[in-house]
Amino acid sequence: MPFTTSRPFHQIFTNVLKRFSQRNLRPSSTLTNLQPKPITNTLHSSYLQTTQSGFRYALLAGGISFSVALAGILHATRDKSRTPPLIDIPAKSNTTSNSPDFPGAIGALLQEFHERSIVSTDPQELYAYAQSSYSQTPGLPHTVVVHVQSTEDVVKVVNISRKHLVPIVPYSGGTSLEGNLSAPCSGSICVDLSGMDKILAINESDADVVCQAGVTWNDLNETLREKGIPLFFPLDPGRDATIGGMISTGCSGTNAVKYGTARGEWILNATVVLPSGEVIKTRQRARKSSAGFDLTKLFIGAEGTLGIVTEATLRLAPLLPTRVAVVQFPDVWRATNAVCDILNQGVAMQCVEIIDELGIKTLNAFGTSDKVWPEKVTLFFKFQGAEDVIRNNSNLTAKVMAQHEASDYRLAENEEEGELIWQDRRNALFAGLAYLPGCKGWITDVCVPVSRLPDLIHAAKKDFEELGLVAPIAGHVGDGNFHALVLYRDEAELVLVREAVSRINRKAIELEGTCTGEHGVGTGKREYLLSELGQGTVSLMRMIKQTIDPHNLFNPGKLYPEPVLASPSSPTVVSSM
């Protein structure tokens with residue numbers, strides 16, 4: 001089925017260049033008048049007159065009536081300041097040419113998708129598809145969820161979204177951490193890509209694979225292993241993260257010290273549905289290309305605000321033998337200095353992970369390991385290669401560690417023992433969550449140059465102590481990325497947690513780092529982007545967004561910082577995204 005659009009993609013980028021040439025952007029400059037009139041907040045849905053489509057609308061009206069009743073019960077029984085009604089329906093529709101037409105959009109979706117299970121207004125689904133597996137940033141419920149199965153389905157939804165000016169939010173794995181899945185206040189269409197979970201082609205000779213956006217990285221690697229293909233996809237964020245979400249957040253994981261992040265060359269191309277409804281493929285399947293812009297990277301880290309990724313070609317790496325080693329240190333400073341030293345000596349290492357003394361204490365209390373670890377700062381290494389290579393690298397590492405006052409360096413006897421040790425590293429999050437019964441945890445993520453990591457962790461620990469918070473730390477010390485799991489019991493402690501997280505983010509930026517090493521921006525970290533990137537960079541990001549998505553329909557309210565009002569001496573205003 002051919003796809004058509006009123007605005008071909010090459011025209012979009014011609015417009016970007018024209019806009020850029022018309023404005024003298026400087027680090028202190030502001031971008032003005034790029035936004036259309038803001039979409040006013042309207043209602044999540046409205047009754048549909050049964051005279052329009054008879055039985056179909058009667059069913060929808062009944063479903064929405066049930067939604068209203070359930071929403072009313074929730075609204076009456078919960079804290080109104082925290083849990084708004086799932087659906088708010090007026091007596092009459094009051095849409096204008098510049099506001100979203102939800103009744104029209106839902107009616108069009110029902111006409112386009114005849115299977116009742118594809119389009120849902122079930123209140124439980126509307127709420128569930130706005131949430132992550134983690135609770136730190138609750139999302140507002142969507143107005144309707146569409147369970148798509150193909151790129152063609154996504155195009156249909158996007159065209160209906162654009163026609164009725166209804167925001168659209170993509171969902172795939174539901175493992176994001178920074179509010180990436182929430183509906184805007186006006187409501188939205190949620191495009192559920194989790195059903196697009198097919199591996200379309202495995203090109204073993206070329207070491208690449210073509211798959212849909214809903215495939216998880218762990219399922220992909222398990223499939224390769226089952227087929228006896230000695231290759232794997234090395235990006236490894238949280239289990240069950242999908243390829244679409246990994247691309248959209250610019251993910252990485254424990255393997256980043258060897259294989260880098262999603263912003264490297266692991267995403268060879270992406271198939272993307274643009275806000276215009278046009279479908280593009282960012283490049284061919286060759287390992288490298290110097291043909292024009294690297295448009296693949298334009299969508300990596302864009303969090304669905306520029307386009308919806310539906311397929312991707314991924315580069316694979318050889319699956320090599322590995323061996324795990326552990327070593328303890330008296331403090332973070334010595335541990336980090338040792339890591340900087342050994343990395344600069346070129347040791348073939350796949351991972352270097354750190355867990356602080358409190359994190360080790362939670363692991364021991366968790367009780368899933370057959371080991372009781374010394375409650376000290378601990379490094380976990382994973383070496384790669386043939387047996388003699390691993391032995392040589394391990395011997396060199398042990399020597400360097402000793403120079404930094406390490407103790408109890410130990411190399412696992414074989415891969416099986418190494419896997420058991422590495423499982424303890426994987427369990428650090430769950431051990432932390434179980435450490436204080438009745439507590440919840442806020443997971444934060446920052447990254448700095450490796451040599452500045454001790455300064456950042458020291459400052460974070462000082463803040464936790466000052467605020468009376470318990471927060472085990474673990475992270476990818478090989479690339480300066482660490483996570484703190486900040487525990488809290490109630491709303492009063494949550495206020496303190498937010499303060500601690502804000503201090504960590506700002507300290508990371510002060511140390512020439514980033515407020516988000518691998519979790520993305522979403523709604524949770526937008527406020528820090530101006531400090532980190534500067535006004536000129538953020539203005540250029542907004543310009544690209546405005547050109548590709550002039551109605552601001554794709555995942556609005558995410559990634560781009562809130563607009564900054566100009567000073568009284570200047571009437572200009574930075575437009576909102």
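Structural notes, computed from the coordinates. (Residues numbered from 1 in each chain as written. Predicted model: local features only at pLDDT ≥ 70, side-chain atom pairs only at ≥ 80, totals over all residues. Heavy atoms only, no water.)

**A word on the packing of helix α16 (residues 453–467) against helix α17 (residues 491–510)**
So the rule is basically this: What counts as an axis is a line fitted to C-alpha atoms, over the stretch in contact for a helix, and the angles between N-to-C directions run from 0 to 180 degrees. Each helix is a run of DSSP H or I of at least 4 residues and each strand a run of E of at least 2, with the numbering of both proceeding from the N terminus. Note on terminology: angles under 35 degrees are roughly parallel, angles over 145 are roughly antiparallel, angles of 65 to 115 are roughly perpendicular, and the others are oblique. Handedness of a helix crossing follows the sense of rotation of the near helix relative to the far helix, less than a right angle counterclockwise being left-handed and clockwise being right-handed. By definition, residues are in contact when any of their heavy atoms lie within 4.5 Å.
Two elements in contact, α16 and α17, have axes separated by 10 Å at closest approach and are oriented at 160°. Looking at the two axes, α16 sits roughly antiparallel to α17. In this structure, α16 crosses over α17, and the sense of that crossing is right-handed. Between α16 and α17, the contacting residues are Leu-456, Ala-459, Ala-460, Asp-463, Phe-464, Glu-466 and Leu-467 on the first element and Leu-496, Glu-499, Ala-500, Arg-503, Ile-504, Lys-507 and Ala-508 on the second.

**Here we look at the packing of aromatic side chains**
What counts, and what does not: In this analysis, rings of Phe, Tyr and Trp, with Trp reduced to its six-membered ring, are considered paired at centre separations within 6.5 Å, and the interplanar angle assigns stacked below 30 degrees, edge-to-face beyond 60, and tilted for intermediate values. Type-normalised accessible area, obtained with a 1.4 Å probe on protein chains alone, sets the label of each residue: buried when under 20%, exposed when over 50%, and partly exposed for intermediate values. Lysine and arginine charges are scored as sitting over a ring when NZ or CZ, respectively, is within 6 Å of the ring centre and within 35 degrees of the ring normal.
Taken as a whole and assessed by the stated rule, the structure comprises 6 aromatic pairs. Arranged with centres 5.6 Å apart and planes meeting at 85°, the rings of Phe-232 and Tyr-259 form a pair that is edge-to-face. In this pair, Phe-232 is assigned in strand β7 (residues 231–232) and Tyr-259 in helix α9 (residues 256–259), connecting sequence segments 27 residues apart. Of the two residues, Phe-232 and Tyr-259, both sit in the buried class. Between Trp-373 and Phe-380 the ring centres are 6.0 Å apart and the planes differ by 65°, which places this aromatic pair in the edge-to-face class. When sorted by exposure, Trp-373 lands in the same class as Phe-380, which is buried. Cluster of aromatic residues (ring-pair linked, three or more members): Phe-232, Tyr-259 and Trp-266. Positioned above the aromatic ring of Trp-266, the side-chain terminus of Arg-315 is 5.5 Å from the ring centre.

**Considerations on the environment of His-551**
With respect to the element layout, His-551 can be found in the segment after α19 (535–548). For His-551, a relative accessible area of 37% translates into the label partly exposed.

**Remarks on α16**
Spelled out, the test is: Helix span, as expected, comes to 1.5 Å for every residue beyond the first.
Spanning 15 residues, α16 covers 21 Å between terminal C-alpha atoms, matching the ideal 21 Å at 1.5 Å per step. For α16, the complete set of buried residues consists of Leu-453, Pro-454, Leu-456, Ile-457, Ala-459, Ala-460, Asp-463, Phe-464 and Leu-467. On its buried face, α16 is in contact with α11 (332–343), β16 (440–447), β17 (473–476), β18 (481–488) and α17. Positive backbone phi, approximately 70°, marks Gly-468, located one or two places after α16.

**Things to note about the sheet that holds strand β6 (residues 208–212)**
Filter applied, for reference: Here the rule is simple: two strands pair whenever DSSP picks up at least two bridges between them.
The antiparallel open sheet is built from 5 strands, whose spatial order is β5-β6-β10-β8-β9. Of all strands in the sheet, those bounded by a partner on one side alone are β5 (199–203) and β9 (279–281). Looking at each pair of strands side by side, their axes are set apart by 10° on average, direction ignored.

**Comments concerning the packing of helix α4 (residues 102–112) against helix α6 (residues 151–164)**
Where α4 contacts α6, the two axes come as close as 9 Å, and the packing angle between them is 155°. With respect to each other, α4 and α6 are oriented roughly antiparallel. At the point where α4 passes α6, the crossing takes the right-handed sense. Residues Gly-104, Ala-105, Ala-108, Leu-109 and Glu-112 of α4 lie in contact with α6, whose contacting residues are Lys-156, Val-157, Ile-160 and His-164.

**Examining the sheet that holds strand β2 (residues 144–147)**
Judged by pairing direction, the sheet is mixed, and its 4 strands sit side by side in the order β1-β2-β4-β3 without closing on themselves. The open sheet terminates on both sides in strands that have one partner only, identified here as β1 (119–120) and β3 (168–171). Examined bridge by bridge, β3 and strand β4 (residues 189–192) share 4 bridges and lie parallel to one another. By the bridge assignment, Pro-170 is partnered in β4 with Val-191. Strands β2, β3 and β4 of the sheet are contacted by α6, whose axis makes an angle of about 170° with β4.

**Side note on the pairing of strand β8 (residues 267–273)**
Extensive coverage of β8 is indicated by the burial of 7 of its 7 residues. Pairing analysis gives 6 bridges linking β8 to strand β10 (residues 308–315), with the strands arranged antiparallel. Along β10, the bridge assignment pairs Val-272 with Val-309. In this sheet, β9 lies alongside β8 in antiparallel orientation, the contact comprising 3 bridges. Counterpart to Val-273 in the pairing with β9 is Val-279. Hairpin remark: β8 followed by β9, antiparallel, with 5 residues in the connecting loop; positive phi at Gly-277, about 95°.

**Describing empty space enclosed by the protein**
Spelled out, the test is: Site definitions follow a grid-based scheme: protein atoms alone, a 1 Å grid, a 1.4 Å probe that fits but cannot get out for cavities, and for pockets an open set with protein on both sides within 12 Å along at least five of seven lines, plus lining residues having an atom within 4 Å of a point. Grid points are joined across faces, edges and corners, and a volume is the space filled by probe spheres set on the points. By the convention adopted, Pro, Cys, Tyr, Trp, Phe, Met, Ile, Leu, Val and Ala count as nonpolar, Lys, Arg, Asp and Glu as charged, and the other residues, Gly among them, as polar.
Here the structure, examined in full by the defined rule, presents 1 cavity of 30 Å³ or more. Counted as a void, the largest cavity has a volume near 50 Å³. The wall of the largest cavity is formed by Ala-130, Gln-131, Ser-132, Thr-137, Pro-138, Gly-139, Ser-176, Leu-177, Gly-179, Asn-180, Leu-181 and Ser-182. Residues of the lining of the largest cavity, tallied by class, amount to 4 nonpolar, 8 polar and no charged.

**So, α11**
In this model α11 runs 16 Å from its N-terminal to its C-terminal C-alpha over 12 residues, within 8% of the 16 Å that 1.5 Å per residue would give. Among the residues of α11, Val-332, Ala-335, Thr-336, Ala-338, Val-339, Cys-340 and Ile-342 are the ones counted as buried. Taken together, the buried residues of α11 touch β12 (322–329), β13 (349–355), β14 (377–384), α13 (387–403) and α16.

**Let's talk about unusual backbone geometry**
Look at Glu-303: it is not a glycine, yet its phi comes out positive at around 55°. Here Glu-303 shows up in the loop between α10 (295–299) and β10. Of the residues examined, Glu-303 reaches a relative accessible area of 5% and is grouped as buried. The phi torsion at Asn-552 lies on the positive side, around 55°, for a residue other than glycine. Within the secondary structure, Asn-552 sits in the segment after α19.

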